[in-house]
Amino acid sequence: MELVAASKMKKAQQAALAGRPYAELMAQMLGALAERVEEAQHPFLVKREVKVRGIILITSDKGLCGPLNANLFKLVTEIKTPAKYAVIGRKGAQFIARTRRDLLADFPANDRATFADIKVVAEFMVKQFLEGNVDTVEVIWPRFRNTLVQVPAAMTLLPLSSVHDVINDLRHDAGLGAAAPKAAAGPDTQMLFEPNAASVLESLLPLYLNREVYQHALDAKASEHSARMVAMKTAKDNATKLLGDLTLEYNKARQAGITQEILEIAAAQFAAS
């Protein structure tokens, strides 16, 4: 199980890194659009009073991955305001149902989940946001730092604060760091938007949200397999140590038994003589 988890972790990391060029190009497009449209025109950028939070919780389908899911559940229990949940992963769905929280929908957390699979989750929550059933769309997931460290994290996706903040988020995902809007846009004179910049922005922001949820799902998978690999390695090491201790105890008992038999034979021989 340790070796299988290590193999899956490597594939998940490669999938997450493969999205960096896409994030960089999207940042350039949004940078070019930001100077040409009025941000207030888009419903994703309209702020309103938060009465009910909408939360996407990303967990694993299976256990044996250490405290990964438990750390996420601690974040959920700290939420005291009204909230509705869409859950990716069977463990999260079980927790939400067990604690009697408002579960809107649950989705499987397959190892081979595609962008189309995760897009369904994002579009479902966006629909809830636009219909007014929730006032925010947030995501809680295990952020992958390295093989030994996975940190529970939370991020607000909707409402968006500004297009420029979206650009910085994309550049961070691409490993480029934050930058000024014009620098993020690059040579915007080479970009032509048809039929117009506002229509392109209207289509691009939902694509950004879908991509962010998908990226977090890939991050969660890398975290899950890393945590499982570490947990299985620890279990193997503990089992090996326990086996060594038991073997030592067995050898001691066996040696004591042999010594006792030799003494009994010698005593019987001495008595007979």
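Refer to the structure presented above.
These figures come from a predicted structure and were not determined experimentally. (Residues numbered from 1 in each chain as written. Predicted model: local features only at pLDDT ≥ 70, side-chain atom pairs only at ≥ 80, totals over all residues. Heavy atoms only, no water.)

**Q** Teacher, can you tell me more about the overall build of the chain here?
**A** A count of helices and strands for the chain gives eight helices and five strands. Going from N to C terminus, the chain has its helices and strands arranged as α-α-β-α-β-α-β-α-β-β-α-α-α. Relative to the compact-globule value of 19 Å for 273 residues, the chain shows a C-alpha radius of gyration of 28 Å, a clear excess of over 25%. By principal-axis analysis of the C-alpha atoms, the chain measures approximately 115 × 45 × 25 Å. (Helix = DSSP H or I, 4+ residues; strand = E, 2+ residues; numbered from the N terminus. Rg over C-alpha atoms; globule rule 2.2 N^0.38 Å.)

**Q** I would appreciate a short explanation of the packing of aromatic side chains in the present structure.
**A** Remark: the centre distance and the inter-plane angle together describe each pair of aromatic rings, the angle taken between the planes. The final tally for this structure, using the stated rule, is three aromatic pairs. Aromatic pair Phe 107 and Phe 124: ring centres 6.3 Å apart, planes at 65°, arrangement edge-to-face. With Phe 107 in strand E3 (residues 102-107) and Phe 124 in helix H5 (residues 115-130), this pair connects stretches of sequence that are 17 residues apart. Residue Phe 107 is classed as buried on the basis of its relative accessible area, which comes to 18%. (Phe/Tyr/Trp six-rings, centres within 6.5 Å; stacked < 30°, edge-to-face > 60°. Buried < 20%, exposed > 50% of the residue type's maximum accessible area, 1.4 Å probe, protein only.)

**Q** Before we go on, may I ask you to explain helix H4 (residues 90-98) in this structure?
**A** One turn of an α-helix holds 3.6 residues; hence residues three or four places apart share an orientation. What H4 keeps buried is the set Gly 92, Ala 93, Phe 95 and Ile 96. For H4, the buried positions fall inside an angular range of 160° around the axis, keeping them on one side. For H4, the exposed residues set more than 90 degrees away from the buried face come down to Ala 97 and Arg 98. Looking one or two places after H4, you find Arg 100, whose phi comes out positive at around 60°. (Arc of directions from axis to C-beta.)

**Q** Can you help me understand the nonpolar core in this one?
**A** Where a protein is soluble and globular, its nonpolar side chains tend to be buried together. With 46 residues, the main nonpolar core has Leu 30, Ile 56 and Leu 160 as its most contacted residues. With ten residues, helix H8 (residues 197-272) is the single largest residue contributor to this core. Ignoring sequence-local partners within four residues, the contact set of Ile 56 consists of Ala 86, Ile 88, Val 121, Met 125, Val 137, Glu 138, Val 139, Ile 140 and Val 213. Residues Ile 55, Leu 57, Val 76 and Ala 83 belong to the second largest nonpolar core, which totals 13 residues. (Core = buried A, V, L, I, M, F, W, Y, C linked by side-chain atoms within 4.5 Å. Contact = heavy atoms within 4.5 Å.)

**Q** Any chance you could explain the sheet that holds strand E5 (residues 150-158) here in plain terms?
**A** Strand pairing within a sheet occurs via backbone hydrogen bonds; the two strands may be parallel or antiparallel. Read from one edge of the open sheet, five strands run E3-E2-E1-E4-E5, paired in mixed fashion. What marks the edges here is a single partner per strand, and that holds for E3 and E5. Sheet twist, expressed as the average angle between the axes of neighbouring strands with direction ignored, equals 20°. Two elements, strand E2 (residues 83-88) and E3, share five bridges in a ladder whose sense is parallel. (Pairing = 2+ DSSP bridges. Axes fitted to C-alpha atoms, helices over the stretch in contact; angles between N-to-C directions.)

**Q** I keep staring at the packing of helix H1 (residues 2-18) against H8 and nothing clicks. Help me out?
**A** Each pair of packed helices gets described by two things: the angle between the helix axes and the distance between those axes. Where H1 contacts H8, the axes come no closer than 8 Å and their chain directions differ by 160°. Considered as vectors, H1 and H8 are oriented roughly antiparallel to each other. You can see that H1 and H8 cross each other, and the crossing is left-handed. Counting all contacts with H1, which are made through Glu 2, Ala 5, Ala 6, Lys 8, Met 9, Ala 12, Gln 13, Ala 15 and Ala 16, the residues of H8 involved are Gln 215, Leu 218, Lys 221, Ala 222, His 225, Ser 226, Arg 228, Met 229, Met 232, Lys 233 and Lys 236. (Parallel < 35°, antiparallel > 145°, perpendicular 65-115°, else oblique. Left-handed = near helix turned anticlockwise from the far one by under 90°.)

**Q** Can you help me understand the side chain of Ser 226 in this one?
**A** Residue position: Ser 226 is located in helix H8. A polar contact is formed between the side chain of Ser 226 and the backbone oxygen of Ala 222, at a distance of 2.8 Å. Not counting residues up to four positions away in its chain, the partners in contact with Ser 226 are Met 9, Phe 144, Thr 147 and Gln 150. (Polar contact = N/O pair within 3.5 Å; in protein donor to acceptor, adjacent residues only side chain to side chain.)

**Q** Just to check I follow, could you spell out the packing of helix H3 (residues 68-77) against H4 for this structure?
**A** In contact at an axis separation of 11 Å, H3 and H4 are set at 40° when each is read in the N-to-C sense. The element H3 and its partner H4 pack so that their crossing is right-handed. Judged by residue contacts, Asn 69, Phe 73, Val 76 and Thr 77 of H3 engage Lys 91, Gly 92, Phe 95 and Ile 96 from H4. The residue makeup of the contact of H3 with H4, split by class, is four nonpolar, three polar and one charged. (Nonpolar A, V, L, I, M, F, W, Y, C, P; charged D, E, K, R; others polar.)

**Q** Honestly, the pattern of salt bridges in this entry has me stumped. Any pointers?
**A** A side chain with one charge may pair with a side chain of the opposite charge, provided their charged atoms come close. Taken as a whole and judged by the stated rule, the model has eight salt bridges. In this structure, Arg 48 engages Asp 135 in a salt bridge whose closest nitrogen and oxygen atoms are separated by 3.3 Å. Highlighted residues: Arg 48 in the loop between helix H2 (20-34) and strand E1 (53-58) and Asp 135 in the loop between H5 and strand E4 (136-144), separated in sequence by 87 residues. Using a relative accessible area of 34% as the deciding quantity, one classes Arg 48 as partly exposed. Look at the salt bridges and you will find they share partners, linking Lys 221, Glu 224 and Arg 228 into a network. (Salt bridge = Lys/Arg side-chain N within 4 Å of Asp/Glu carboxyl O.)

**Q** When you look at unusual backbone geometry in this model, what are you seeing that I'm missing?
**A** It is generally the case that most residues other than glycine have a negative phi and that most peptide bonds are trans. For the bond running from Leu 158 to Pro 159, omega is -5°, close enough to zero to count as cis. Position of Pro 159 among the secondary structure elements: in the loop between E5 and helix H6 (163-173). For Leu 64, which is not a glycine, the phi torsion comes out positive at approximately 60°. Inspection of the secondary structure puts Leu 64 in the loop between E1 and H3. The phi dihedral of Arg 100 is positive, around 60°, even though this residue is not glycine. Relative to the helices and strands, Arg 100 resides in the loop between H4 and E3.

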